[in-house]
Structures are given as C-alpha cells and as structure tokens.
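As a plain string of letters, each chain reads:
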Amino acid sequence: EIGLDGFYDGQILRYNHSVGSFAFAASLEIADDRSVTLDGEDLSSLFGTDFGIGSSSIVVDYGAVFGLGAKYSENGLSFGLGYQTTGVDINDSGNAETIDFWSIAASAGYEIDGFNIVANLGRTEADVKLGEAGDGTLRTDHIGLGASYTVDALTVAANWGQYTHEAVGMGSITESGFGLAVNYDLG
C-alpha cells in the first residue's frame, strides 16, 4: 500500500477545495494515543522487524500525518499528485531515535466513450535512525495500471500492479499481481 492514510485509526480531518478543473486537498490524522510503550514484539507486528529492541520496552511518540494533494481534470483527462509525511520519536533507554515517513504518488487517467485507463506511481520511505540498533532507509515503490470498458449494464476491467520493497543497501523484494473483473448491473 502506498500512502499513509489510515496510518493510525483512520479518523482523518480533510479539507477539499476545487476551482474549475483544479482540485486541492489537505489532510491531518492524529494518533489517539500519542505516546505508547512498545516492546520488540509490538514493533515486529507494526513494521515487520523489532529493530534490534528484543523484549525490552521503549516509549514511542507518534507525530501527526500531514497530507497535500492536487488534481486536474478536463475532457476525460486527469492528473493527480499527492504527498504525505509523519514521524515517530522513540525513547529507548534515554536514546533519542526516530523513524521519519514520507510518501508521494502520481496518477494519470483518460476516459472516453465507456473506456477508462489509469496509471499510477508511488513511493513511501521510512528513514530510520535508531542509534545502536542501526540507521537505514526502508522503501516501497509501486506502479499500477488499470483499464475498464463499460457498455450498458456490463463492465469489464483488468489491472496490474507491482511493489518493490527495499532496505536500501541490503537488497529488495519485488512482488506483482493482476486482477480481472466482470460486473453486470442488475438494476
């Protein structure tokens, strides 16, 4: 998944504004529990690794998720761009450590006479500074393509997507998949 929406509990304050073919949005999401105590098992469930913490406890202060987005639509053509950022401060035995997240995504689409095609690209990074446990960057890149055709009550659609997960300097894993769908509206 690319982007930080729902990073906490999904309660997002959002402002939308549009003028003609242009639209703009800003969002803010705050954790209900801004400061929590976690151990290595908790971190593994959140991030897939315990970052070398093991069974000891740490205090984690969650920062707000800020987001900005813009979209342009005209005559069936649309372009979108979005950016989000947040940070996590960790106090592990008095050591100040941080994980800073940011995400950016862009999309383009075209719709004409029942045919719709869309492409999107995105990147999310976690810049990790954990002192003795190590520093590094975790990155996820995504590319997606989709197309659909609608005639009367029938819609046929296909999509493909690929994720590349990388611990910078340590290797990467790529996974991809596709989907096919046929829908018929029974009214």
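See the structure printed just above.
Notes on the structure in this doc start here. (Residues numbered from 1 in each chain as written. Predicted model: local features only at pLDDT ≥ 70, side-chain atom pairs only at ≥ 80, totals over all residues. Heavy atoms only, no water.)

This brings us to the pairing of strand E1 (residues 12–19). The element E1 is barely covered by neighbouring structure, given that only zero of its eight residues are classed as buried. Relative to strand E2 (residues 22–29), E1 runs antiparallel, the two being bridged by eight bridges. Residue pairing in the sheet places Asn16 in a bridge with Ala25 of E2. Here E1 folds back onto E2, and the loop between the two strands holds two residues, one of which, Gly20, carries a positive phi near 60 degrees. (Buried < 20%, exposed > 50% of the residue type's maximum accessible area, 1.4 Å probe, protein only. Helix = DSSP H or I, 4+ residues; strand = E, 2+ residues; numbered from the N terminus. Pairing = 2+ DSSP bridges.)

The residue Leu68 is located in strand E5 (residues 65–74) in this model. Sequence spacing of Leu68 and Ala25 is 43 residues, and the spatial spacing of their C-alpha atoms is 5.8 Å. If we ignore the near neighbours within four places in the chain, the residues touching Leu68 are Phe24, Ala25, Ala26, Leu81, Gly82 and Tyr83. (Contact = heavy atoms within 4.5 Å.)

This brings us to the packing of aromatic side chains. The full count for this structure, using the stated rule, is one aromatic pair. Ring centres of Phe22 and Tyr72 lie 4.9 Å apart, and the angle between their planes is 50 degrees; this geometry places the pair in the tilted category. Placement of the pair is Phe22 in strand E2 and Tyr72 in strand E5, with a sequence separation of 50 residues. Residue Phe22 is classed as exposed on the basis of its relative accessible area of 54%. Classification of Tyr72 by relative accessible area gives partly exposed; the value is 27%. (Phe/Tyr/Trp six-rings, centres within 6.5 Å; stacked < 30°, edge-to-face > 60°.)

Right, let's get into the side chain of Glu29. Topologically, Glu29 is positioned in strand E2. Glu29 has contacts with Leu4, Asp5, Gly6, Phe7, Tyr8, Asp9, Gly10, Gln11, Ile12, Ala64 and Val65, leaving out every residue within four places of it along the chain.

Following the sequence through the fold, Asp113 ends up in the loop between strand E7 (95–112) and strand E8 (115–129). Since its relative accessible area comes to 71%, Asp113 is described here as exposed. Asp113 sits 37 residues away from Thr150 along the chain, and the two C-alpha atoms are 8.4 Å apart.

Here we come to the side chain of Thr124. With respect to the element layout, Thr124 can be found in strand E8. What makes Thr124 buried here is its relative accessible area of 13%. Among the polar contacts listed, one links the side chain of Thr124 to the side chain of Ser103, at a separation of 2.9 Å. (Polar contact = N/O pair within 3.5 Å; in protein donor to acceptor, adjacent residues only side chain to side chain.)

The next subject is the pattern of salt bridges. Taken as a whole and assessed by the stated rule, the structure comprises four salt bridges. For Arg123, the salt bridge goes to Asp141, with nearest N and O atoms at 2.6 Å. Of the two residues, Arg123 is situated in strand E8 and Asp141 in strand E9 (residues 135–151); the sequence distance between them amounts to 18 residues. The exposure class assigned to Asp141 is partly exposed, which follows from its relative accessible area of 21%. Glu125 serves as the salt-bridge partner of Arg139, at 2.6 Å between the closest nitrogen and oxygen. In this pair, Arg139 sits in strand E9 while Glu125 sits in strand E8, placing the two residues 14 residues apart along the sequence. Its relative accessible area of 8% is what places Glu125 among the buried residues. Linked by salt bridges that have partners in common, Arg123, Glu125, Arg139, Asp141 and Glu166 make up one network. (Salt bridge = Lys/Arg side-chain N within 4 Å of Asp/Glu carboxyl O.)

That is the geometry; function is a separate question.
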